[in-house]
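# Residue-level structure breakdown
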Amino acid sequence: MRGTLKYGVPIAAGLGLAAYGAQQGATPGEAALMGGTAALGGAAGLLGSRALAGRYNPALIAAAQKGVTGLGNKIGDVARDLPEKGIRRAAANVAADVVSAADTRLFGDPNAGISAAIPFPTQGVQRNIGKGIAAGLVPASAAAAGLGGIAAAQIPGALGVPGFVQQPALDPEAYGSSNSIGARYKAPTMQYV
């Protein structure tokens, strides 16, 4: 695997979630822990997607072929239900022919005995399926690990570790917030008299 993917994807996931946490008002410690766990989750998702792509490659190709064939059949059924002479029927027939040609080109025609133009489990097909799985699995695992980092950051926050504790906001109009006369001395009101 290329170094840019191997290290760049987890780093990008970690930096992205750390920046998102900082933008949402997380403390620096929470944002750092969120980014670190998101990077670990992204790396785990990348490794998991490679393993899943190798294991489930034939099933994924069969599912893709079933979906493409089903789509072509559905478009053909819709075209048959349309009026005989019409532009919609002509467009639906063209769409059905395009899907059928793509199906034959990618997976072959089992009725005619033509083998697939792309041999079944080529390395390129496996790699593309791995990329497709990684496109969904890496962000999902990084987000889940980032949520785990937020949860883990609550422990040092509860213990009062600096960097994990939200500092209360200063209210400039509250009594005692400045050294002005009104802050040091409160004038009596009718309710206190």
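Worth saying up front: this structure is predicted, and the values here are computed from it rather than measured. (Residues numbered from 1 in each chain as written. Predicted model: local features only at pLDDT ≥ 70, side-chain atom pairs only at ≥ 80, totals over all residues. Heavy atoms only, no water.)

Counting secondary structure elements, the protein chain contains 5 helices and 0 strands. Reading the secondary structure of the protein chain in the N-to-C direction produces α-α-α-α-α. In the protein chain, the share of contacts with a sequence separation of at least 24, taken over all contacts with a separation of at least 6, comes to 69%. Accessible area for the protein chain stands at about 13,100 Å²; split by element, carbon and sulfur atoms hold 64% of it. (Helix = DSSP H or I, 4+ residues; strand = E, 2+ residues; numbered from the N terminus. Contact = heavy atoms within 4.5 Å. Areas by Shrake-Rupley, 256 points an atom, 1.4 Å probe, with all protein chains shown as cover.)

The subject of this paragraph is the pattern of salt bridges. Applying the stated criterion across every chain yields a total of 2 salt bridges. The salt bridge partner of Arg80 is Asp77, with a shortest N-O separation of 2.8 Å. Of this pair, Arg80 and Asp77 are both found in helix 2 (residues 28-81), 3 residues apart, which corresponds to roughly one turn of the helix. Classification of Arg80 as exposed rests on a relative accessible area of 56%. With a closest N to O distance of 3.4 Å, Glu84 and Arg89 form a salt bridge. (Salt bridge = Lys/Arg side-chain N within 4 Å of Asp/Glu carboxyl O. Buried < 20%, exposed > 50% of the residue type's maximum accessible area, 1.4 Å probe, protein only.)

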